[in-house]
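As a plain string of letters, each chain reads:
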Amino acid sequence: MNSISIIIAIYNRRDELFELLNSLLRQTDKDFEIIVVDDGSKIDLSPTIKFFENQLDIKFYQKTNSGPGLTRNYGAKRAKNDWMVFVDSDVIVEENYIENIKKDLIEIPCDAFGGADKAHKGFNIMQKAISYSMTSVFTTGGIRGNKKAVSKFQPRSFNMGVNKEVFLKVGGFSEMRIGEDPDLSMTLWENGYTTAFFDNIGVYHKRRTDLGKFSKQVYQFGCARPILNRRHPNYVKPTFWFPSLFLLGYVMGVFHYFVWGYGHLLALYGLYTFIVFFHALIVTKNVNIAAMAIIATYVQMFSYGYGFLKSWIKLNILRQSPKEAFPSHFH
């Protein structure tokens, strides 16, 4: 029987931790351990841990801040079970989460796995709009929410399981602070290990709650992608350029309109906006979420596209090293 250790790296998110642990308390399969690693939080998380310690098999560790990847490695070394499941502190899992993971591991042999993220019915309009923009076929290609959208799935650390022996063999998460989860997935592939998508273990992911924080987050993701391309050249895809081309095309369209009066290029963006709105309306069945999804989509595309372009220029034109170009992205 596959044994599971849930590993939660956390920084400050006390309320989110309570909600996550509460969802783990309601599991139909209760045979698992939880390892919470406090990555130097400025908020005391121990009262939340104490509330659950008599109800869950939970271990709590505190350490100085080093970022999510190395914090997960810290927890992994202390896990007692064969499989480690990493979840972000701002997710909620359904009551059959553990049960389904164990069933899937029997039916779908692999060395690592992941699942989708989705919006909970209790999320606010902004959270649901951001969730749509991060999972839509018209933004990310649906790679975070649909196994049919990818031929080779890259598990992400908000919902990611790895065999402990395999994890330790490849050295766990790297020194990257941003993009450390796709980095691990590609490292696993390069070492001959397999990954799988489990379509019945989706988690409710709160993500960012306002557009400013969301913009900053996806900008950092954009900056990380050219770094990942350099580390793993065999997995570079032309589609990684799409957000940057989207941004450049929009700037060009605005320039053409105000300088020469040509609106043909902007008309294409109008069509894209129309498609996103009605697709979001069909998916969410809420006109307010669909309208906000348009804004979230443009914020995502522009911010990611700008980050990718900036990073690509620094690495390939200015010939800077990744650590020189983005020191904050590394430990």
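In the block above lies the structure referred to throughout.
So, here is what we can say about the structure in this document.

**Some points on the sheet that holds strand β5 (residues 91–93)**
Here's step 1: Pairing is mixed across the open sheet formed by three strands, whose spatial order is β5-β10-β7. Only two strands of the sheet have a single neighbouring strand rather than two, namely β5 and β7 (117–118).
Here's step 2: The sheet contact formed by β7 and strand β10 (residues 203–205) spans two bridges and is parallel. Directly across from Asp117, in β10, lies its bridge partner Val203.

**Re empty space enclosed by the protein**
Here's step 1: Taken as a whole and assessed by the stated rule, the structure comprises one cavity of 30 Å³ or more.
Here's step 2: What the largest cavity holds in volume is close to 30 Å³.
Here's step 3: Taken together, Val93, Glu94, Asn96, Tyr97, Asn100, Asn200, Ile201 and Gly202 make up the lining of the largest cavity.
Here's step 4: Within the lining of the largest cavity, the residues separate by chemical class into three nonpolar, four polar and one charged.

**Observations concerning the packing of aromatic side chains**
Here's step 1: What the rule picks out here adds up to 28 aromatic pairs.
Here's step 2: A centroid spacing of 4.8 Å and a plane angle of 80° characterise the contact between Phe153 and Phe197, whose relative ring orientation is edge-to-face. You can see Phe153 sitting in the loop between α5 (125–135) and β8 (159–163) and its partner Phe197 sitting in strand β9 (residues 195–197), a full 44 residues away along the chain. The exposure classification of Phe153 matches that of Phe197, with both residues buried.
Here's step 3: Centre to centre, the rings of Tyr298 and Phe302 are 5.6 Å apart; their planes meet at 80°, and the pair counts as edge-to-face. You can see Tyr298 and its partner Phe302 sitting in helix α11 (residues 287–317), four residues apart, about one turn around the helix.
Here's step 4: On the basis of relative accessible area, Phe302 is assigned to the partly exposed category, the value being 23%.
Here's step 5: In textbook terms, an aromatic cluster arises when at least three aromatic residues are bridged by ring pairs, as seen for Phe242, Phe246, Tyr250, Tyr269, Tyr272, Tyr298 and Phe302.
Here's step 6: One residue, Arg72, lies across the ring of Phe173, its end atom 5.1 Å from the ring centre.
Here's step 7: The ring of Phe326 has Lys314 sitting right over it, with the charged end atom 4.9 Å from the ring centre.

**Quick look at the packing of α5 against helix α8 (residues 211–231)**
Here's step 1: At a minimum axis separation of 11 Å, α5 and α8 run at an interaxial angle of 20°. In terms of axis orientation, α5 runs roughly parallel to α8. In this structure, the crossing between α5 and α8 has a hand that is right-handed. Seen from α5, the contacting residues are Met126, Ile130, Ser133 and Met134; seen from α8, they are Leu211, Phe214, Val218 and Phe221.
Here's step 2: Residues belonging to the contact of α5 with α8 are distributed by class as follows: seven nonpolar, one polar and no charged.

The rules we used
Residues numbered from 1 in each chain as written. Predicted model: local features only at pLDDT ≥ 70, side-chain atom pairs only at ≥ 80, totals over all residues. Heavy atoms only, no water. Pairing = 2+ DSSP bridges. Helix = DSSP H or I, 4+ residues; strand = E, 2+ residues; numbered from the N terminus. 1 Å grid on protein atoms, 1.4 Å probe; cavity = no way out; pocket = protein on both sides within 12 Å on 5 of 7 lines; lining within 4 Å. Points joined across faces, edges and corners; volume = space filled by probe spheres on them. Nonpolar A, V, L, I, M, F, W, Y, C, P; charged D, E, K, R; others polar. Phe/Tyr/Trp six-rings, centres within 6.5 Å; stacked < 30°, edge-to-face > 60°. Buried < 20%, exposed > 50% of the residue type's maximum accessible area, 1.4 Å probe, protein only. Lys NZ or Arg CZ within 6 Å of the ring centre and 35° of its normal. Axes fitted to C-alpha atoms, helices over the stretch in contact; angles between N-to-C directions. Parallel < 35°, antiparallel > 145°, perpendicular 65-115°, else oblique. Left-handed = near helix turned anticlockwise from the far one by under 90°. Contact = heavy atoms within 4.5 Å.

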